[in-house]
Amino acid sequence: MDLMNYLSLKISCNCPPKPKFTYYNHINEQNISFRSSQKPKICAPIQSLMGTNSSYNTKSAPSLFTNIIDRPLHPSVDPKHVFTGNFAPVDELGPTECPVVDGKLPESLTGMYIRNGPNPQHMPRGPLHFFEGDGMLHSMQLSKGRAIYTSRYVKTYKYKLERDAGGQIFPNVFSGFYGLADMVQCVASTARVLMGHVNLKKGFGLANTSLAFFSSKLLALGESDLPYIINCTREGDIETLGRWDFDEELFASMTAHPKTDMTTKETFAFKFSPFFSPHLTFFRFDANGVKQKDVPILSINRPTFIHDFAITKRFAIFSETQLAVSAANVMLGKGMPTVFDPEKVPRIGIILKYATSDAEMKWFNVPGFNAMHVFNAWENGEDEVVLIATNATSIENLFLKVDMVHISLEKVRINLRTGNVSRNILSARNLELGSINSSYIGKKNRYVFVGVGKEIPKMQGVVKIDLEKEIEVSRRFYGPGCFGGEPLFVPRNGDHVDAVDEDDGFVVTYIHDENYGESKFLVMDAKSPNLDIVAAVKLPRRVPYGFHGLFVHEENHSNQKSL
């Protein structure tokens, strides 16, 4: 998945008031609010926002010729604007021991924390959105009270080609095309493919979004490509072993958010095809890591933005949003391939996990629900499914003016028999990037730890939400000028066997102090009301803001499989 800058909210240490409860009847197409709420404003298509930016109305306006050849870039895709401050890229750094400057590292926290994120190898002259930087892994190896930090690029096929060429080879398609210069670069890239200099079957993704561990493999993920297998050495270093080519198709890919059923040890995933049908394909890996047969979801007629999904004991759940994909936008030089469709009603699709076709796929309209990240889902009896996910309002601004987007955490209930869908907003705060105890995936859980912030993934703090009581029960803010990333829950015991409580463990993240330019690795007590700091490790240099992380426990560390 898979985000960025969002609507600023006043931060209060008091729990916010409980918000509105919305009820939607799928059968009768009715929407009912149990509390008064403001009607959403009419939203404009994404590309119409381009003209409202001041960079297009400077006093010395560029000539018509210049606009055609090389149009001024919108700030959201101008690398000189995007990759500044602690978003700016850093170089690789080999294993470096770091001092514990506060508290003491828990003895049970033994293994490696790794966080993924964009870190451009080369800064292009043309557009580059934050989402399209090359993947870099920032790791913290913990053992016997010692901490060793490392940062390494994921050595993707794209990374190696551009490293050897000394500059950009692949066009940044997601960032969009804005003038003739971008189109020329695309033609040049196509020529390289036709001449055999570039083999698209080897992938062209970035592996910059997340990590996963299943089938005894540690994987770096990005949804535009297949996973890359990563090895962690005993010295604390990180190696890219290669691409996991379980799919031989051209443009093969896999979601950045696969889900592992901890009971069966199967892993469920999907791939998204923006330009060719089927636009969504569901598949799974058995307990031995062998990929099973694809299930094309043919009931999706137009490609829409689907970044994440959920599983339960019986089902897989997908959320369609109002963001569609338009190849014409890119081909005509009109910007990014994503467009906002105000007429589309978001919907949730539910299919059996072991379905062989989408014939039994059930879709439920859920107006106003544009899911970003899905933290969990479970079943209440035979007829009800509960979904915990973040919802982006004003989603038309998601990629270009993200400071105008507010993201809320919601509990969605779907009655499979009646078609009724109800939604409850769990917090008025701007919440994104979070985690649960992973042993509860697909089962009813009580707690979720979520980042708070107006400039996601630059988070001001973390809150703990009680899903049963539907209130905020713990919080920690990092202070003026200090920002963290995704709060990752790590169980106190890696095997979960001795855990009495779901929240018995720690919350870890990197934080950065913009006042002094220093970064730290933070360990917090997940059960305490203030998420008390257990330990803080000073890092040898700043860690740029990024996306998702993973903790690999020592026993998994030693059982990794190679290609």
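The notes below deal with the structure included here. (Residues numbered from 1 in each chain as written. Predicted model: local features only at pLDDT ≥ 70, side-chain atom pairs only at ≥ 80, totals over all residues. Heavy atoms only, no water.)

**Things to note about unusual backbone geometry**
Here comes step 1: Across the junction of Ser277 and Pro278, the peptide omega takes the value 0 degrees, indicating a cis bond.
Here comes step 2: Within the secondary structure, Pro278 sits in the loop between β13 (267-272) and β14 (280-285).
Here comes step 3: Omega for the bond connecting Ile456 with Pro457 falls within 30 degrees of zero, at 15 degrees, which places this linkage in the cis form.
Here comes step 4: Examined against the element boundaries, Pro457 turns out to sit in the loop between β27 (447-452) and β28 (461-466).
Here comes step 5: Phi at Lys144 takes a positive value of approximately 50 degrees, unusual for a residue other than glycine.
Here comes step 6: As for its position among the elements, Lys144 is in the loop between β6 (135-143) and β7 (146-153).
Here comes step 7: Although it is not a glycine, Ala207 adopts a positive phi angle of roughly 50 degrees. (Helix = DSSP H or I, 4+ residues; strand = E, 2+ residues; numbered from the N terminus.)

**A word on the packing of aromatic side chains**
Here comes step 1: The full count for this structure, using the stated rule, is 23 aromatic pairs.
Here comes step 2: Each ring, one from Phe83 and one from Phe130, has its centre 6.0 Å from the other, and the planes form 40 degrees; the classification is tilted. In this pair, Phe83 is assigned in the loop between α2 (79-82) and β3 (93-98) and Phe130 in the loop between β5 (111-118) and β6, connecting sequence segments 47 residues apart. Just as Phe83 is buried, Phe130 falls in that class too.
Here comes step 3: Aromatic ring contacts, followed pair by pair, group Phe83, Phe87, Phe130, Phe131, Tyr545 and Phe547 into a single cluster.
Here comes step 4: When the ring centre of Tyr440 is taken as origin, the NZ or CZ atom of Lys443, which lies over that ring, is 5.9 Å away. (Phe/Tyr/Trp six-rings, centres within 6.5 Å; stacked < 30°, edge-to-face > 60°. Buried < 20%, exposed > 50% of the residue type's maximum accessible area, 1.4 Å probe, protein only. Lys NZ or Arg CZ within 6 Å of the ring centre and 35° of its normal.)

**Section: a nonpolar patch on the surface**
Here comes step 1: On the surface, Phe251, Phe275 and Phe276 cluster together into a nonpolar patch covering about 320 Å² of accessible area.
Here comes step 2: Along the chain, Phe251 falls in the loop between β11 (238-243) and β12 (259-260).
Here comes step 3: With a relative accessible area of 41%, Phe251 lands in the partly exposed category. (Patch = residues over 30% accessible without salt bridge, like charges linked within 9 Å, V, L, I, M, F, W, Y side chains within 5 Å. Areas by Shrake-Rupley, 256 points an atom, 1.4 Å probe, with all protein chains shown as cover. Salt bridge = Lys/Arg side-chain N within 4 Å of Asp/Glu carboxyl O.)

**Structural notes on the side chain of Asn391**
Here comes step 1: Along the chain, Asn391 falls in strand β23 (residues 384-393).
Here comes step 2: According to the relative accessible area criterion, Asn391 is buried, its value standing at 1%.
Here comes step 3: A distance of 3.1 Å separates a polar atom in the side chain of Asn391 from the backbone oxygen of Gly368.
Here comes step 4: When residues no more than four places from it in sequence are discounted, the contact partners of Asn391 are Gly368, Phe369, Asn370, Ala371, His406, Ile407, Ser408, Glu410 and Arg423. (Polar contact = N/O pair within 3.5 Å; in protein donor to acceptor, adjacent residues only side chain to side chain. Contact = heavy atoms within 4.5 Å.)

**Focus: helix α3 (residues 157-165)**
Here comes step 1: Buried within α3 are the following residues: Tyr157, Lys158, Tyr159, Leu161 and Glu162.
Here comes step 2: Buried residues belonging to α3 abut β7 and β10 (228-232).
Here comes step 3: Where α3 terminates, the next one or two residues include Gly166, which has phi positive at roughly 80 degrees.

**With respect to the pattern of salt bridges**
Here comes step 1: By the definition in use, this model includes 33 salt bridges.
Here comes step 2: Notably, a salt bridge pairs Lys353 with Asp261, separated by 2.8 Å at the nearest N-O pair. Taken together, the residues Lys353 in the loop between β20 (347-352) and β21 (362-365) and Asp261 in the loop between β12 and β13 connect sequence positions 92 residues apart.
Here comes step 3: Classification of Asp261 by relative accessible area gives buried; the value is 10%.
Here comes step 4: Here Arg492 and Asp504 are joined by a salt bridge, their closest N and O atoms 2.7 Å apart. Residue Arg492 is located in the loop between β31 (488-491) and β32 (505-513), and its partner Asp504 is located in the loop between β31 and β32; the two are separated by twelve residues in the primary sequence.
Here comes step 5: Overall, Arg492 belongs to the partly exposed group, its relative accessible area being 27%.
Here comes step 6: Look at Asp504 and you get buried, because its relative accessible area is 14%.

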